[in-house]
Amino acid sequence: MLQDNFHKTMSKENITFRIDSDRKAALDAIAARINHDRSYVLNEAVAASDFFR
């Protein structure tokens, strides 16, 4: 996983978006497997994405 310092130093904001129920279930399964919440998994995915670089 990416360094946890990333999440500690950035300010937090809420966003809302739509996602297929299958993908939401997959996110929840990943979160449960690594003992983190869905928000953590989404933040890690965005931080690791080349789209934002």
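Quick caveat: nothing in here was measured; it's all calculated off a predicted structure.

Go over helix H2 (residues 21-34) with me, naming the residues and quoting the values.
The terminal C-alpha atoms of H2 lie 20 Å apart, and with 14 residues this matches the ideal 20 Å at 1.5 Å per residue to within 8%. Just past H2, the residue Asn35 takes up positive phi, approximately 60 degrees.

If you had to explain the pattern of salt bridges to someone new, which residues and values would you point to?
Using the criterion set out here, one finds two salt bridges in the structure. In this structure, the salt-bridge partner of Lys24 is Asp28, at a minimum N-O distance of 3.9 Å. You can see Lys24 and its partner Asp28 sitting in helix H2, four residues apart, about one turn around the helix. Lys24 gets classed as partly exposed once you look at its relative accessible area, which sits at 37%. Between Arg38 and Asp28 there is a salt bridge, with the nearest N and O atoms lying 2.6 Å from each other. Taken together, the residues span a long stretch of sequence, with Arg38 in helix H3 (residues 38-48) and Asp28 in helix H2 at a distance of 10 residues. Residues participating in the shared-partner salt-bridge network are Lys24, Asp28 and Arg38.

Definitions and cut-offs
Residues numbered from 1 in each chain as written. Predicted model: local features only at pLDDT ≥ 70, side-chain atom pairs only at ≥ 80, totals over all residues. Heavy atoms only, no water. Helix = DSSP H or I, 4+ residues; strand = E, 2+ residues; numbered from the N terminus. Expected span 1.5 Å × (residues − 1). Salt bridge = Lys/Arg side-chain N within 4 Å of Asp/Glu carboxyl O. Buried < 20%, exposed > 50% of the residue type's maximum accessible area, 1.4 Å probe, protein only.

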